[in-house]
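Spelled out from the first residue to the last, the chains are:
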Amino acid sequence: MARGAANVSDYRALARARLPHFLFEYLDGGSYDEVTLRRNVEDLQSVALRQRVLRDVSSIELSAELLGKRWALPVGLGPVGLSGLYARRGEVQAASAAASANVPMVLSTVSACSLREVAASGHVPWYQLYFVKDRGFVASMIQTAKEAGCEALFLTVDLAVPGSRYRDARAAGGGLQRMIELMARPGWLWDVGVNGRPHSLGNLEPVVGKRAPLSDFQAWIHANFDPSVSWKDVEWVKAKWGGPLIIKGILDPDDARAVIDSGANGIVVSNHGGRQLDGVLSSARALPRVADLVAGRIPILADGGVRSGLDVVRMLALGADFVLLGRAWAYALASSGQAGVAHVLKLIDAEMRVAMALTGCTTIGEIGKDTLDERGNQATF
Ligand SMILES: Cc1cc2nc3c(=O)[nH]c(=O)nc-3n(C[C@H](O)[C@H](O)[C@H](O)COP(=O)(O)O)c2cc1C
């Protein structure tokens, strides 16, 4: 944990001070004018909770079940690409923090450390799959996930085409400017630049080789992600995988219905942290209608703008069964490695306890519509 970091905002400031500029911009930014990115945070923060008192909250139980396991919190580390470049072998550090806290982690397809490397550290994460044009390669990634012993596959469906991120475009460029940015961050340069090699996309090495992803990462995504992907491909993945399949990137109740029809085992309400279609609803606003449609038939996970334990309670009250962190854990990893991620999970635990105590909920199952104060939420929802 970093000295003086009291919340996720503090970790964001520390990450900004430690990462080279272009890497911080990649982590922090969203698409276009970042309207949805801001909405994710602001809509969630504006959700009014309903204070209840004198309900004996001396014992509060935070554990929750998802996909056949009981976790310490209804919270997991969501897939965040390139995290292995925020700290030395970053995904391995994050997986250790998640395992120690007994929360799940979903490893991104575009992680620096491969699934095999993370699994070899003793903690097998869930795996997030992107669809690339080469179906043979998608099949081989599914096979690798099976061989590694992954217990769930998250298929991300909101990246048929990549959203434009102005911050990445502005921060792009190589040569002298990049060199100056790197020299301005000696801590990162030593930890990751020198000692954190290789700087490749571990899972994609069979197709992109060992080249550093930073220069041509976006170009590779543009060239290789598959815009023709459809519900038929979900069937194909389901058949090839044969285990629990979660569809990530749903905002619309009609799409949620299609997820249920596809036979998938879960859904992540998400707009990719405001990094894809700018102007879409925040996750907080999209969630209640999706939850009404799903009506408990499959678990609902949600992400987008979660920066505290209060936000987790808000997401649960809006209809989620489980919540994924994105930037929140990645800022902490960038600032303080495994200890930072562990600290953020502790903060979330502590903040959830206060929020639950003061809304009169002693178990996760008690958090629901009743935990919201409708008078405070009419303007937003
Ligand atoms: C830097 C960065 C990289 C991401 N990479 C992936 C990815 O590889 N796969 C994926 O499904 N989602 C990815 N996401 C989206 C996150 O899983 C999650 O939906 C989002 O971060 C939630 O919003 P929040 O960061 O505001 O909490 C990424 C998000 C960020 C910020």
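Going by the structure above, here's the rest.
I will try to describe carefully the structure that is included in this document. Computed from a predicted structure; not experimentally measured.

Topic: the overall build of the protein
Looking only at helices and strands, the protein has 17 helices and 10 strands in total. By principal-axis analysis of the C-alpha atoms, the protein measures approximately 60 × 50 × 40 Å. By the burial criterion, 57% of the 381 residues in the protein qualify as buried. In the protein, the share of contacts with a sequence separation of at least 24, taken over all contacts with a separation of at least 6, comes to 73%. With an accessible surface of roughly 15700 Å², the protein has 53% of that area assigned to carbon and sulfur atoms. Taking the average location of the 41 positive side-chain charges in the protein and that of its 39 negative ones, the two points are 3 Å from each other.

Overview of the packing of aromatic side chains
For the structure on display, the rule yields five aromatic pairs. Considering the side-chain rings of Trp71 and Trp126, the 5.5 Å spacing of their centres and the 85° angle between planes classify their relative orientation as edge-to-face. Linking Trp71 in strand β2 (residues 69–71) with Trp126 in strand β5 (residues 126–129), this pair joins segments that are 55 residues apart in sequence. Summarising the burial analysis for this pair, Trp71 and Trp126 share the class buried. When the centroid spacing of 5.6 Å and the interplanar angle of 20° are considered together, the rings of Trp126 and Phe154 count as stacked. You can see Trp126 sitting in strand β5 and its partner Phe154 sitting in strand β6 (residues 153–156), a full 28 residues away along the chain. The same class applies to Trp126 and to Phe154, which are both buried.

Description of the site of the ligand
The ligand sits among 23 residues. The nearest are Pro79, Ser108, Tyr130, Thr156 and Asp303. Gln128 places a side-chain nitrogen or oxygen 3.0 Å from a nitrogen atom of the ligand. Between the ligand and the protein, one listed contact pairs a nitrogen atom with a side-chain N or O atom of Tyr130 at 2.8 Å. Protein burial of the ligand: of its 600 Å² of free accessible surface, 99% is covered by the chains. By residue class, the composition of the shell around the ligand is eight nonpolar, 10 polar and five charged.

Re the pattern of salt bridges
For the structure on display, the rule yields 16 salt bridges. The salt bridge partner of Arg12 is Asp28, with a shortest N-O separation of 2.8 Å. Here Arg12 is found in helix α1 (residues 8–18), whereas its partner Asp28 is found in helix α2 (residues 21–28), with 16 residues between them in sequence. Residue classification places Asp28 among the buried positions, given a relative accessible area of 4%. Close ionic contact of Asp233 with Arg135 constitutes a salt bridge, the shortest N to O distance being 2.8 Å.

Some points on helix α6 (residues 135–148)
Between the first and last C-alpha of α6 there are 20 Å, a value that for 14 residues agrees with the 20 Å anticipated at 1.5 Å per step. Within the sequence span of α6, burial applies to Phe137, Val138, Ala139, Met141, Ile142, Thr144, Ala145 and Ala148. Here the buried face of α6 lies against α5 (115–120), β5, β6, α10 (205–208) and α12 (231–241). With a side-chain oxygen positioned 3.0 Å from the backbone nitrogen of Gly136, the residue opening α6 is Asp134. Positive backbone phi, approximately 90°, marks Gly149, located one or two places after α6.

Looking at unusual backbone geometry
Leaving glycine out, the prevailing phi sign among residues is negative, and the prevailing peptide bond configuration is trans. A cis amide bond, omega 0°, links Arg197 with the succeeding residue Pro198. Inspection of the secondary structure assignment puts Pro198 in the loop between α9 (186–194) and α10. A positive phi angle, close to 45°, is found at Tyr32, a residue other than glycine. Given the relative accessible area of 35%, Tyr32 is considered partly exposed.

Quick look at a nonpolar patch on the surface
A surface patch of nonpolar side chains, about 460 Å² in accessible area, is lined by Leu176, Met179, Ile180 and Met183. If you trace the backbone, Leu176 turns up in helix α8 (residues 175–183).

Focus on the nonpolar core
In this structure, Tyr86, Leu325 and Met352 are the most contacted members of the largest nonpolar core, which totals 128 residues. Ranked by residue count, the leading element in this core is helix α16 (residues 327–359), at 15 residues.

Quick notes on the rules
- Residues numbered from 1 in each chain as written.
- Predicted model: local features only at pLDDT ≥ 70, side-chain atom pairs only at ≥ 80, totals over all residues.
- Heavy atoms only, no water.
- Helix = DSSP H or I, 4+ residues; strand = E, 2+ residues; numbered from the N terminus.
- Buried < 20%, exposed > 50% of the residue type's maximum accessible area, 1.4 Å probe, protein only.
- Contact = heavy atoms within 4.5 Å.
- Areas by Shrake-Rupley, 256 points an atom, 1.4 Å probe, with all protein chains shown as cover.
- Lys, Arg positive; Asp, Glu negative; His and termini not counted.
- Charge placed at Lys NZ, Arg CZ, Asp CG, Glu CD.
- Phe/Tyr/Trp six-rings, centres within 6.5 Å; stacked < 30°, edge-to-face > 60°.
- Near = heavy atom within 4 Å.
- Polar contact = N/O pair within 3.5 Å; in protein donor to acceptor, adjacent residues only side chain to side chain.
- Nonpolar A, V, L, I, M, F, W, Y, C, P; charged D, E, K, R; others polar.
- Salt bridge = Lys/Arg side-chain N within 4 Å of Asp/Glu carboxyl O.
- Expected span 1.5 Å × (residues − 1).
- Patch = residues over 30% accessible without salt bridge, like charges linked within 9 Å, V, L, I, M, F, W, Y side chains within 5 Å.
- Core = buried A, V, L, I, M, F, W, Y, C linked by side-chain atoms within 4.5 Å.

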